[in-house]
Amino acid sequence: TERWPCTGNTLQAGDEGVVVLGVSRGTRFSTLSLADQMSLLQSAWMEILILRVVYRSLSFEDKLVYAEDYIMDEDQSKLAGLLDLNNAILQLVKKYKAMKLEKEEFVTLKAIALANSEGGLPPFGPYREPATTRGRRRL
């Protein structure tokens, strides 16, 4: 299971960098320059975090799982002033439950969020291997 960095019951501002671990596993994301990685993450981190909340919440009924120790129902969301966000994310949870999405499909959705972000990357061209692997023989 994924563990989310929390201190007590609060999500830490700036933890969007943790998303790199979830996005970069099994992709060529890590072959991009650091500047390109950061540009993509800065424009797509909210979508990726929402997808993670949706995935964690699939096994719950009308609750959102922001972290292992931070689960909110409608009443808690209302008290926090997050009722609109709660309702919007719960709609996604219900849709994805009905579609019976698998973990691999969530990974694909995260990749799509990155690919469609406004990260300001140049248009796609032919794939080039990073300088660190160029010229090495493949086994």
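Residues numbered from 1 in each chain as written. Predicted model: local features only at pLDDT ≥ 70, side-chain atom pairs only at ≥ 80, totals over all residues. Heavy atoms only, no water.

1. Quick word on the nonpolar core
Move 1: Counting 13 residues, the largest nonpolar core has Val 54, Leu 64, Tyr 66, Ile 89, Val 93, Tyr 96 and Phe 106 as its most contacted members.
Move 2: Elements represented by at least two residues in this core include exactly α2 (34–57), β3 (64–67) and α4 (83–99).
Move 3: Looking at this core element by element, the count peaks at 4 residues for α4.
Move 4: If we skip the residues at most four places from it in the chain, Val 93 touches Val 54, Ser 57, Leu 58 and Leu 64.
Move 5: Among the nonpolar cores identified, the runner-up in size contains 6 residues, and Leu 40, Ala 44, Ile 48 and Ala 113 belong to it. (Core = buried A, V, L, I, M, F, W, Y, C linked by side-chain atoms within 4.5 Å. Buried < 20%, exposed > 50% of the residue type's maximum accessible area, 1.4 Å probe, protein only. Helix = DSSP H or I, 4+ residues; strand = E, 2+ residues; numbered from the N terminus. Contact = heavy atoms within 4.5 Å.)

2. Comments concerning the environment of Lys 94
Move 1: Here Lys 94 shows up in helix α4.
Move 2: Residue Lys 94 is classed as partly exposed on the basis of its relative accessible area of 44%.
Move 3: On a C-alpha basis, the gap between Lys 94 and Glu 61 in space is 9.2 Å, while along the polypeptide they are 33 residues apart.

3. Some points on the packing of aromatic side chains
Move 1: A complete count under the given rule lists 3 aromatic pairs for this structure.
Move 2: Summarising the aromatic geometry, the rings of Tyr 55 and Phe 106 are spaced 5.0 Å apart at their centres and angled 65° between planes, so their arrangement reads as edge-to-face. With a gap of 51 residues between them, Tyr 55 in helix α2 and Phe 106 in helix α5 (residues 103–115) connect regions that are remote in the sequence.
Move 3: Assessed through its relative accessible area of 3%, Phe 106 is described here as buried.
Move 4: Ring centres of Tyr 66 and Tyr 70 lie 6.1 Å apart, and the angle between their planes is 65°; this geometry places the pair in the edge-to-face category.
Move 5: Given the relative accessible area of 10%, Tyr 66 is considered buried.
Move 6: Classification of Tyr 70 as partly exposed rests on a relative accessible area of 26%.
Move 7: Put simply, the rings of Tyr 55, Tyr 96 and Phe 106 pair up and form one aromatic cluster. (Phe/Tyr/Trp six-rings, centres within 6.5 Å; stacked < 30°, edge-to-face > 60°.)

4. Thoughts on the pattern of salt bridges
Move 1: Per the stated rule, a full pass over the model turns up 2 salt bridges.
Move 2: In this structure, Lys 97 and Glu 61 form a salt bridge, with 3.6 Å as the shortest nitrogen-oxygen distance. Taken together, the positions of Lys 97 in helix α4 and Glu 61 in the loop between α2 and β3 put the pair 36 residues apart, joining distant regions of the chain.
Move 3: Residue classification places Lys 97 among the partly exposed residues on the basis of a relative accessible area of 27%.
Move 4: Among the ionic pairs, Asp 62 bridges to Lys 94, the shortest N-O distance being 3.7 Å. Of the two residues, Asp 62 is situated in the loop between α2 and β3 and Lys 94 in helix α4; the sequence distance between them amounts to 32 residues.
Move 5: The partly exposed category is assigned to Asp 62, whose relative accessible area is 40%. (Salt bridge = Lys/Arg side-chain N within 4 Å of Asp/Glu carboxyl O.)

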